[in-house]
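One-letter residues, chain by chain:
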Amino acid sequence: MKLLRTATALLALTAGLAPGTAAAAAPDTPRDGAHALHPGHPQRTAAQHQEAVEFFWYGCKHCALFEEPLERWAARHSADVLLRRVPAVWPGGPDEQRQLGHARLYYTLERLGEVDRLQAAAFRAVRERRADLATESGAEAWALTQGVDTAAFRAAYRSAEVDRLVADAPEQLVRNRITEIPTVLIGSGRTSPTGAGGVERMPDAMDGLVEHR
């Protein structure tokens, strides 16, 4: 899957380059980018936790493979790191509308406090069963099978807060110069499949970013 010219130009402008000089990889294509400095990096919380920010998409095979190692890593670092997820939406890309739908599903689950319970299930539904979770009807039907109250799901899905978060998702991707997913930002660095040498090695790279903050 290749990004359209619009997304490449936006990423290039954010990086201070002329459009056409920055090569943006497709979400499923590992690419360079580990441990590079980036703008708007995660901050420490009042309790002195670090923040790890994962950019992901339910339709990305690498993100699906990374979910279980990420959950184990987050559990291991629960005392010193807070995990925050951001749904990836490539502006102008061929999957933009599907990504926006998946972003709305994620933020709906987040608003309902269901991310920890259902994140892996959402990946399985999209990647293994090819379920349509990018539309309200499809997402609502799936959520019902997972024990989520339909009225509560619908209210969150259509809420102004979820609208705001979904609208901001493409800008977050551009602002943080994300060209590969999954990408995890910690402190002033980042890691991704390409830079770490594979999804399975990303937790070790993340340990290094935590230790060398």
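Everything below is about the structure printed above this text.
Residues numbered from 1 in each chain as written. Predicted model: local features only at pLDDT ≥ 70, side-chain atom pairs only at ≥ 80, totals over all residues. Heavy atoms only, no water.

## Quick notes on the sheet that holds strand E2 (residues 81–87)
Sheet strands pair by backbone hydrogen bonding; their relative direction is either parallel or antiparallel.
Next, step 1: Judged by pairing direction, the sheet is mixed, and its four strands sit side by side in the order E2-E1-E3-E4 without closing on themselves. Only two strands of the sheet have a single neighbouring strand rather than two, namely E2 and strand E4 (189–191). Across this sheet, the average inter-strand angle for adjacent strands is 20°, counted without regard to direction.
Next, step 2: As paired elements, strand E3 (residues 183–186) and E4 share three bridges and run antiparallel to each other. Of the residues in E4, the one forming a bridge with Ile-186 is Gly-189.
Next, step 3: Where helix H9 (residues 202–211) meets the sheet, it contacts strand E1 (50–56), E2, E3 and E4, and its direction lies at approximately 170° from that of E4. (Pairing = 2+ DSSP bridges. Helix = DSSP H or I, 4+ residues; strand = E, 2+ residues; numbered from the N terminus. Axes fitted to C-alpha atoms, helices over the stretch in contact; angles between N-to-C directions. Contact = heavy atoms within 4.5 Å.)

## Some thoughts on the side chain of Glu-140
Next, step 1: Among the secondary structure elements, Glu-140 is positioned in helix H5 (residues 136–145).
Next, step 2: At 2.6 Å, the side chain of Glu-140 forms a polar contact with the side chain of Arg-154.
Next, step 3: If near-sequence neighbours (up to four positions away) are discounted, Glu-140 is found in contact with Thr-150, Phe-153 and Arg-154. (Polar contact = N/O pair within 3.5 Å; in protein donor to acceptor, adjacent residues only side chain to side chain.)

## Looking at the packing of aromatic side chains
Next, step 1: Under the definition given, this model contains six aromatic pairs.
Next, step 2: Pairing Phe-56 with Tyr-58 gives two aromatic rings, centres 5.2 Å apart and planes at 70°, and the pair type is edge-to-face. Considered together, Phe-56 and Tyr-58 belong to a single accessibility category, that of buried residues.
Next, step 3: Measuring from ring centre to ring centre gives 5.1 Å for Tyr-58 and Phe-123, while their planes differ by 75°; the resulting arrangement is edge-to-face. With Tyr-58 in the loop between E1 and helix H2 (61–76) and Phe-123 in helix H4 (residues 115–127), this residue pair connects regions lying 65 residues apart in the sequence. (Phe/Tyr/Trp six-rings, centres within 6.5 Å; stacked < 30°, edge-to-face > 60°. Buried < 20%, exposed > 50% of the residue type's maximum accessible area, 1.4 Å probe, protein only.)

## So, H2
Next, step 1: Taking 1.5 Å per residue, 16 residues should reach 22 Å; H2 reaches 24 Å between its end C-alpha atoms and fits that length.
Next, step 2: Among all positions of H2, only His-62, Cys-63, Phe-66, Glu-67, Pro-69, Leu-70 and Trp-73 are buried.
Next, step 3: In this structure, the buried residues of H2 make contact with E1, E2, H4, E3 and H9. (Expected span 1.5 Å × (residues − 1).)

## Remarks on helix H6 (residues 150–157)
Three- or four-residue spacings in an α-helix give side chains the same orientation, since the helix completes a turn every 3.6 residues.
Next, step 1: Within the span of H6, buried status applies to Phe-153, Ala-156 and Tyr-157. Projected down its long axis, H6 carries its buried residues within an arc of 100°, all on one side.
Next, step 2: Next to the buried residues of H6 lie helix H3 (96–111), H5 and helix H7 (160–175).
Next, step 3: Its side-chain oxygen placed 3.2 Å from the backbone nitrogen of Ala-151, Asp-149 serves as the N-cap of H6. (Arc of directions from axis to C-beta.)

## Details of the packing of H3 against H4
Next, step 1: Contact pair H3 / H4: the axes reach a minimum separation of 9 Å and the direction vectors enclose 155°. Put simply, H3 runs roughly antiparallel to H4. Remark: the crossing between H3 and H4 carries right-handed chirality. Packed against H3, whose contacting residues are Arg-98, His-102, Tyr-106, Leu-109 and Glu-110, the element H4 presents Val-115, Leu-118, Gln-119 and Val-126 at the interface. (Parallel < 35°, antiparallel > 145°, perpendicular 65-115°, else oblique. Left-handed = near helix turned anticlockwise from the far one by under 90°.)

## Concerning the nonpolar core
Next, step 1: Tyr-58, Leu-105, Trp-142 and Ile-181 are the most contacted members of the largest nonpolar core, which has 35 residues in total.
Next, step 2: Looking at this core, the element that brings in the most residues is H4, giving seven residues.
Next, step 3: When near neighbours in sequence (up to four residues on either side) are disregarded, Trp-142 contacts Leu-105, Leu-109, Leu-118, Ala-121, Ala-122, Ala-125 and Leu-133.
Next, step 4: Of all hydrophobic cores here, the second largest spans 14 residues; its members include Leu-70, Met-202, Met-206 and Leu-209. (Core = buried A, V, L, I, M, F, W, Y, C linked by side-chain atoms within 4.5 Å.)

## With respect to the environment of Gly-101
Next, step 1: If you trace the backbone, Gly-101 turns up in helix H3.
Next, step 2: Spatially, the C-alpha atoms of Gly-101 and Ala-134 are 4.0 Å apart, while their sequence positions differ by 33 residues.
Next, step 3: Residue contacts for Gly-101: discarding those within four places in its chain leaves Leu-133, Ala-134 and Tyr-157.

## Topic: the pattern of salt bridges
Next, step 1: For the structure on display, the rule yields eleven salt bridges.
Next, step 2: With a closest N to O distance of 2.7 Å, Arg-158 and Glu-136 form a salt bridge. Of this pair, Arg-158 sits in the loop between H6 and H7 while Glu-136 sits in helix H5, placing them 22 residues apart in sequence.
Next, step 3: Notably, a salt bridge pairs Arg-164 with Glu-161, separated by 2.8 Å at the nearest N-O pair. Taken as a pair, Arg-164 and Glu-161 lie in helix H7 at a separation of three residues, close to a single helical turn.
Next, step 4: Given a relative accessible area of 45%, Arg-164 falls into the partly exposed group.
Next, step 5: You can call Glu-161 partly exposed: its relative accessible area is 33%. (Salt bridge = Lys/Arg side-chain N within 4 Å of Asp/Glu carboxyl O.)

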